[in-house]
Amino acid sequence: MAIAKANNLVVIEDACQGWLAEINHKKVGTFGLAGCFSFQNSKNLPMGEGGAIVSDDDDFMDKCYSYHNYGYAYGSLVGAVNQGAVMAGTKIRLTEYQAAIGLSQLERLDGETQLRETNATYLKGKLEGIPGLSTYVLTPNVTRAVFHLFPFRFHSEGFKGLSREVFIKALKAEGIPCSSGYIPLNDKLYLKDAFTSKNYKRMYQADELDFDKFVANNQCPITDKLCNEEAIWLSQSMLLGTQSDMDDIANAIYKIHENAEELLNYKG
Ligand SMILES: Cc1ncc(COP(=O)(O)O)c(C=O)c1O
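Now for a quick tour of the structure. (Residues numbered from 1 in each chain as written. Predicted model: local features only at pLDDT ≥ 70, side-chain atom pairs only at ≥ 80, totals over all residues. Heavy atoms only, no water.)

## Quick notes on the nonpolar core
Applied cut-off: By convention a nonpolar core is built from buried Ala, Val, Leu, Ile, Met, Phe, Trp, Tyr and Cys residues, the set being connected through side-chain atoms within 4.5 Å. Three labels apply to residues, based on accessible area from a 1.4 Å probe with only protein chains included: buried if under 20% of the type maximum, exposed if over 50%, partly exposed otherwise in between. Secondary structure elements follow DSSP: runs of H or I no shorter than four residues count as helices, runs of E no shorter than two count as strands, and numbering proceeds from the N terminus. It only takes one pair of heavy atoms within 4.5 Å for two residues to be counted as in contact.
Counting residues in hydrophobic clusters, the biggest one holds 32 residues, and the most contacted among them are Phe-150, Phe-159, Phe-167, Leu-234 and Ile-253. Elements supplying a minimum of two residues to this core: α3 (96–127), β8 (149–154), α4 (164–173), β9 (231–235), α9 (243–258) and α10 (260–263). For this core, the leading source of residues is α9, giving 6 residues. Not counting the four nearest positions on each side in its chain, Ile-253 is found in contact with Leu-127, Ile-130, Leu-133, Phe-152, Phe-167 and Leu-171. Ranked by size, the runner-up nonpolar core spans 11 residues in total, among them Trp-19, Val-28, Phe-37 and Phe-39.

Structure representation (structure tokens):
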């Protein structure tokens, strides 16, 4: 926020994975001008698709409301609805069916958030002794952690040189769903197509659209290692299980650790 203020920038927070999370007792999504939350299916408050934007700036919220409803007049945006749009807009209105699902999800959110935190803390404790795994670290200013994922880092050298790919296959074979998470986006060829598109050419200067230069200037070796070799994700819904479910996850990982050498030739 200090950087934004010094540079006269507006902050829109992406809090899509952070329902109810707090930094120094302040909810994420409430620091900037606005916070965005996702209702997409994998999220902690799923409603199918869509999302919410929150802000305490009434004029801004009126514009958002208008934007999602054809650009029709709303609140401080003066005009009459039956006289057409007062600004460019879209039609991205929430359906009543989704709202009904969302309202009941909302009632469960606090309890489920608490359960995820309890299970995540327990699971972290169980995994901490395993050489070759690093679990998440919370910074001291996190006063409420919410878990959209239970992410950890896999270090091949702690597993007799086993690859992450085989670790994932073995964990799945033990009945534990998991994935390798995000892929790096900074060198993807779709960017090359985007850079040559009419819209990008309108928005950016020619030297900013040199793909090779962009890739050279945007090397992220730590992220590459994380995405390509280390990250393992367990999804948030797994943290809604029982303590014995968390034991199952930990036991499956212990088993893989104990049998890592034998797994070196595992094809899955
Ligand atoms: C951090 C974050 N931001 C934004 C999004 C996009 O949300 P949506 O799928 O509702 O567009 C996601 C996931 O989908 C996300 O995890």
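From this point, things continue past the structure.
## A word on the site of the ligand
Worth spelling out the cut-off: In this text, near means that some heavy atom of the residue lies within 4 Å of the molecule or strand in question. Polar contact criterion, stated in full: a pair of N or O atoms within 3.5 Å, where within protein one must be able to donate a hydrogen and the other to accept it, and residues adjacent in sequence count only if both atoms are side-chain atoms. Residues were grouped as follows: Ala, Val, Leu, Ile, Met, Phe, Trp, Tyr, Cys and Pro as nonpolar; Asp, Glu, Lys and Arg as charged; and all remaining residues, including Gly, as polar.
Taken together, Asp-14, Cys-16, Gln-17, Ser-38, Gln-40, Lys-43, Gly-50 and Tyr-182 make up all the residues around the ligand. At 2.7 Å, a side-chain N or O of Gln-17 approaches an oxygen atom of the ligand. Interatomic distance of 2.6 Å between a side-chain N/O atom of Ser-38 and an oxygen atom of the ligand. Considered class by class, the residues forming the shell around the ligand number 2 nonpolar, 4 polar and 2 charged.

## A few points about α9
This is how it is decided: To estimate how far a helix should reach, multiply one less than its number of residues by 1.5 Å.
The end-to-end C-alpha distance of α9 is 22 Å, a good match for the 22 Å that 16 residues give at a rise of 1.5 Å each. When α9 is considered as a whole, its buried residues turn out to be Met-246, Asp-247, Ile-249, Ala-250, Ala-252, Ile-253 and Ile-256. Looking at the packing, one finds that the buried side of α9 touches α3, β6 (133–135), β8, α4, β9 and α10.

## Some remarks on the pattern of salt bridges
Where charged atoms from two side chains of opposite charge come close, those side chains can pair. For the record, the criterion: Should a side-chain nitrogen of Lys or Arg be within 4 Å of a carboxyl oxygen of Asp or Glu, the pair is scored as a salt bridge.
Taken as a whole and assessed by the stated rule, the structure comprises 11 salt bridges. The shortest N-O distance in the salt bridge between Glu-112 and Arg-116 comes to 3.7 Å. With Glu-112 and Arg-116 both in helix α3 and 4 residues apart, the pair spans about one turn of that helix. Of the two residues, Glu-112 and Arg-116, neither departs from the other in class, the shared state being buried. Across the salt bridge formed by Asp-247 and Lys-126, the nearest N and O atoms sit 3.3 Å from each other. Here Asp-247 is found in helix α9, whereas its partner Lys-126 is found in helix α3, with 121 residues between them in sequence. With a relative accessible area of 24%, Lys-126 lands in the partly exposed category. Connected through shared salt-bridge partners, Arg-153, Lys-225, Glu-229 and Glu-230 make up one network.

## So, the sheet that holds β9
The line we're drawing: Here, a strand pair is defined by DSSP locating no fewer than two bridges between the strands. Here an axis means a line fitted to C-alpha atoms, over the contact stretch when the element is a helix, while the angle between two N-to-C directions is reported on a 0 to 180 degree scale.
Taken together, 3 strands build an open sheet; the order of strands is β6-β8-β9 and the sheet is antiparallel. Each edge of the sheet is formed by a strand with only one pairing partner; in this case those strands are β6 and β9. Here the strands of the sheet are splayed against their neighbours by 30° on average, with no regard to which way each runs. Lying on the sheet, helix α8 (residues 221–230) is in contact with β8 and β9; it crosses β8 at an angle near 95°.

## Regarding unusual backbone geometry
Backbone phi values are negative for most residues with the exception of glycine, while trans is the configuration of most peptide bonds. Positive phi, close to 55°, is recorded for Asn-8, a residue that is not glycine. By the secondary structure assignment, Asn-8 is in the loop between α1 (2–6) and β1 (12–14). For Asn-8, a relative accessible area of 73% corresponds to the exposed category. Notably, Tyr-70 is not glycine yet its phi reads approximately 65°, a positive angle. Within the element layout of this structure, Tyr-70 appears in the loop between α2 (58–68) and α3. According to the relative accessible area criterion, Tyr-70 is partly exposed, its value standing at 35%.

## Looking at the sheet that holds strand β7 (residues 142–144)
Reading across from one edge, β3-β2-β7 is the order of the 3 strands in this open sheet, with antiparallel pairing throughout. Two strands bound the open sheet, and with one partner strand each, they are β3 (26–27) and β7. In this structure, strand β2 (residues 22–23) lies alongside β7, joined through 2 bridges in antiparallel fashion. Its bridge partner being in β7, Ile-23 is matched across the sheet by Val-142.

Remember, this is a structural readout, not a statement about activity or role.
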